[in-house]
There are 2 protein chains.
Amino acid sequence: MTKENTKSLLLEKGAEIILEKGFNNTGIQDILKAAQVPKGSFYYYFKSKEDFGLDLIDFYANNYTTMMEEYFKDPSTSPINRFKRYVDDWITYFDISNCKGGCPIGNMAQEMGDINESFRIKLKETFDRMKTHISECLREAQEKGEISESLDPDETADFIFDSLEGALLRMKVTKSTTPLKRFYKMISNILTKE
Amino acid sequence: MTKENTKSLLLEKGAEIILEKGFNNTGIQDILKAAQVPKGSFYYYFKSKEDFGLDLIDFYANNYTTMMEEYFKDPSTSPINRFKRYVDDWITYFDISNCKGGCPIGNMAQEMGDINESFRIKLKETFDRMKTHISECLREAQEKGEISESLDPDETADFIFDSLEGALLRMKVTKSTTPLKRFYKMISNILTKE
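Attention shifts here to the overall build of chain A. A count of helical and extended segments in chain A gives nine helices and zero strands. In sequence order, chain A lays out its α and β elements as α-α-α-α-α-α-α-α-α. A burial count over chain A gives 56% of its 194 residues as buried. For chain A, contacts bridging at least 24 residues in sequence account for 64% of all contacts bridging at least 6. Working note: accessible area of chain A is about 8500 Å², and carbon and sulfur atoms make up 49% of it. Taken together, the 27 basic and 32 acidic charged side chains of chain A have centroids lying 6 Å from each other.

Rotating chain A by 180° and moving it 0.0 Å along the rotation axis overlays it on chain B with an RMSD of 0.0 Å. On the angle and the small slide along the axis, the relation comes out as a two-fold axis.

This paragraph deals with the side chain of S163 of chain A. On the secondary structure map, S163 of chain A appears in helix α8 (residues 153-174). For S163 of chain A, a relative accessible area of 1% corresponds to the buried category. Here S163 of chain A is in contact with F183 of chain A together with F159 and S163 of chain B, once residues within four sequence places are set aside.

It is common to give the size of an interface as the accessible area that goes away when the parts come together. Listed as interface residues are 46 residues of chain A and, on the opposing side, 45 residues of chain B. Summing both partners gives a buried area of about 4200 Å² for chain A against chain B, and 57% of it is carried by carbon and sulfur. Of all residues in chain A, D114, R170 and V173 of chain A give up the largest surface area on contact with chain B, accounting jointly for 18% of the area buried on that side. Put simply, chain A and chain B have 14 salt bridges between them. Two residues, R182 of chain A and D158 of chain B, come together in a salt bridge whose shortest N-O distance is 3.4 Å. Put simply, chain A and chain B have 21 residue pairs in polar contact (both at pLDDT 80 or more) between them. Of all the secondary-structure elements, those providing two or more residues to the side of chain A that touches chain B are α1 (3-21), α6 (104-112), α7 (117-143), α8 and α9 (178-192) of chain A. Considering only residue class, the side of chain A that touches chain B consists of 16 nonpolar, 11 polar and 19 charged.

On to the nonpolar core. Membership of the largest hydrophobic core comes to 125 residues, with the highest contact counts inside it found for L10 of chain A together with L10 of chain B. Among residues more than four places away in sequence, those in contact with L10 of chain A are I31, L32, A35, V37, S41, F42, Y45, F46 and F52 of chain A.

Our next topic: the environment of S97 of chain B. Within the secondary structure, S97 of chain B is located in the loop between α5 (79-96) and α6 (104-112). Spatially, the C-alpha atom of S97 of chain B lies 22 Å from that of L56 of chain B, the residues being 41 residues apart in sequence.

Another aspect to go through is unusual backbone geometry. Positive phi outside glycine occurs at K175 of chain A, with the angle close to 50°. Relative to the helices and strands, K175 of chain A is located in the loop between α8 and α9.

Looking now at the pattern of salt bridges. Inspection of every chain in the model, using the stated rule, returns 40 salt bridges over all chains. Linking K124 of chain A and D128 of chain A is a salt bridge whose minimum nitrogen-to-oxygen distance equals 3.4 Å. One end of the pair is K124 of chain A and the other is D128 of chain A, both in helix α7 and four residues apart, which spans about a single turn. Relative accessible area serves as the criterion here: at 28%, D128 of chain A is assigned to the partly exposed category. Members of the salt-bridge network, linked through shared partners, are K124, D128, K131, R139, D154, D158 and D162 of chain A together with R170 and R182 of chain B.

Turning next to the environment of K122 of chain B. Residue and element names in this part refer to chain B. With respect to the secondary-structure elements, K122 resides in helix α7 (residues 117-143). Look at K122 and you get partly exposed, because its relative accessible area is 22%. Sequence separation between K122 and Q36 is 86 residues, and the spatial gap between their C-alpha atoms is 29 Å. When near neighbours in sequence (up to four residues on either side) are disregarded, K122 contacts L54, I57 and D58.

Conventions adopted
Residues numbered from 1 in each chain as written. Chains lettered and ligands numbered in written order. Predicted model: local features only at pLDDT ≥ 70, side-chain atom pairs only at ≥ 80, totals over all residues. Heavy atoms only, no water. Helix = DSSP H or I, 4+ residues; strand = E, 2+ residues; numbered from the N terminus. Buried < 20%, exposed > 50% of the residue type's maximum accessible area, 1.4 Å probe, protein only. Contact = heavy atoms within 4.5 Å. Areas by Shrake-Rupley, 256 points an atom, 1.4 Å probe, with all protein chains shown as cover. Lys, Arg positive; Asp, Glu negative; His and termini not counted. Charge placed at Lys NZ, Arg CZ, Asp CG, Glu CD. Least-squares fit on C-alpha atoms with pLDDT ≥ 70 in both. Buried area = accessible area lost by both parts, 1.4 Å probe. Salt bridge = Lys/Arg side-chain N within 4 Å of Asp/Glu carboxyl O. Polar contact = N/O pair within 3.5 Å; in protein donor to acceptor, adjacent residues only side chain to side chain. Nonpolar A, V, L, I, M, F, W, Y, C, P; charged D, E, K, R; others polar. Core = buried A, V, L, I, M, F, W, Y, C linked by side-chain atoms within 4.5 Å.

Here it is, written out as structure tokens:
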């Protein structure tokens, strides 16, 4: 296995475990065991568990922003339909996966936002990066006359993003995608009303 | 100190620490130290840390529903103004307390929703109890002609509740009450538009 592969494997396996158990509740041992990698390898790639956590946020951020770009810049469909597809596909995903996990970045924000300033800043930047995809899509939807002119694309995108995080949280305790469906319905009403 | 007082003290001190560090990241020792209570006392009141956690959710639920009742059933002001006061007072609170902690019940849901079924069920019920205060207030606002007739009070209350949780999460990483102010503005638009 190449060096890059081992590092990726540690991040991937760590992401899986942390999504279920949480960052503080996951030991380096758990990650090593899942990745079947010796302890020394971990410290070759990461200075500490904190260092691993910060790299993990980048790993999430890169995956999600790449995915969001594919949805929100898709020229084959209208901006408002891109948003619909994005939410629909998440609903399908969570219906299949028993509503587990929620948003890895949201989970990390909840857990680490108050206790680690480096995590907090990186998470804040990640949220900002992600919401930009939504605000740009809203701007395009306004240009095409699909949504209300009176909405501020940035403010609305931030609200959409926060509300989606809240819906994912509620999904976790209801074990149902109803909060996501409700989120989509209410946001659609906001976007299309004059 | 009476027995009831010791139990309350353990829950209060535990709540404080867990709000900052998280449930899994807090040891029984941390709680005992903060409450200045010997170890035996903990096991006199709680069978286990899990048992303590479940009692803690009840403790949160009772505090919050009592508080919500005071706001949302306040006969001295209009239903829509009760909602405004509720959000305004949270904004003031978080401005003073450096946007720390967020929602203890939301935090617990994020952390425990996937890993402990007893926690999940109790958290789901708590969320439902809390949102009922909002839906009843919306029903009253509709009767008084303050908000749109076309809104479903239950669905809208659930959406408001989830969006507030999301705004509190975003607040944690931005260290600013802007997400709460944005939440209030956007929800007000939904409520008053025909």
